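# Chains, contacts and geometry: an overview
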Amino acid sequence: MENKMIEILAEVLPEADVAECDDFFDEGLDSMGVMTIIAMIEEAFEIEIAPEDITADNFSNLSELINLVEKYKK
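Below is a short write-up of the structure.

Cut-offs used in this document
Every chain is numbered independently, its residues counted from 1 as its sequence is written. The model is predicted, so local features are restricted to residues of pLDDT at least 70 and side-chain atom pairs to those at 80 or more, both for listing and for counting; the totals for chains, interfaces and linings are taken over all residues. Excluding hydrogens and water, the side-chain values take into account all heavy atoms of the structure. Numbering of helices and strands starts at the N terminus; helices are DSSP runs of H or I of at least 4 residues and strands are runs of E of at least 2. Expected span of a helix, by definition, is 1.5 Å for each gap between consecutive residues, and there is one gap fewer than residues. Three labels apply to residues, based on accessible area from a 1.4 Å probe with only protein chains included: buried if under 20% of the type maximum, exposed if over 50%, partly exposed otherwise in between. In this description, the arc belongs to the directions extending from the helix axis to the C-beta atoms. Think of a polar contact as two N or O atoms within 3.5 Å of one another; within protein, one of them needs to be a possible hydrogen donor and the other a possible acceptor, and neighboring residues in sequence only count if both atoms come from side chains. Angular values range over 0 to 180 degrees, each being the angle between N-to-C directions of two axes fitted as lines to C-alpha atoms, with helices fitted over their stretch in contact. Geometric relationships in this document are graded by angle, where less than 35 degrees denotes roughly parallel, more than 145 denotes roughly antiparallel, 65 to 115 denotes roughly perpendicular, and other angles denote oblique. Crossings are sorted by hand: turned counterclockwise from the far helix by less than a right angle, the near helix makes the crossing left-handed, and turned clockwise it makes it right-handed. The contact criterion used throughout is that any non-hydrogen atoms of two residues lie within 4.5 Å. Three classes are used: nonpolar for Ala, Val, Leu, Ile, Met, Phe, Trp, Tyr, Cys and Pro, charged for Asp, Glu, Lys and Arg, and polar for all others, with Gly counted as polar.

What follows deals with helix α3 (residues 62-73). Helix length check: α3, at 12 residues, gives a terminal C-alpha distance of 16 Å against a target of 16 Å (1.5 Å per residue), a fit within 8%. All of the buried residues in α3 are Leu-62, Leu-65, Ile-66, Leu-68 and Val-69. Here the buried residues of α3 occupy an arc of 160° about the axis, which is enough to place them on one side. One side-chain oxygen at the N-terminal end of α3 lies 3.1 Å from the backbone nitrogen of Ser-63; it belongs to Asn-61.

Right under this line is the structure:
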């Protein structure tokens, strides 16, 4: 799962080292990028992320995104 997440994030943030980044928003992630990431994650992992989970905290770094996807994969 981690490799797929890195691949998705690298498409949206091509200049960032997403595996090592502490805060994607500091690397230029914006609301349109978040929406792109959501769409790509939902398709890749066959999940649907609830609107209440679309928060800056859940999309701030790789670890938080993996935790979010794992929540829906259960």
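Another aspect to go through is the packing of helix α1 (residues 2-12) against helix α2 (residues 31-45). Put simply, α1 and α2 touch, their axes get as near as 10 Å, and they point 150° apart. On the basis of their axis angle, the class for α1 and α2 is roughly antiparallel. α1 and α2 meet at a crossing whose hand is right-handed. Counting all contacts with α1, which are made through Lys-4, Met-5, Ile-8, Leu-9, Glu-11 and Val-12, the residues of α2 involved are Gly-33, Thr-36, Ile-37, Met-40, Ile-41, Ala-44 and Phe-45. Classifying every residue of the contact of α1 with α2 by side-chain character gives nine nonpolar, two polar and two charged.

The next point concerns the environment of Phe-45. Relative to the helices and strands, Phe-45 is located in helix α2. A C-alpha to C-alpha distance of 7.8 Å links Phe-45 and Val-69, two positions 24 residues apart in sequence. In this view, Phe-45 contacts Met-1, Lys-4, Met-5, Ile-8, Val-69 and Lys-73; residues no more than four positions away in its chain are not counted.

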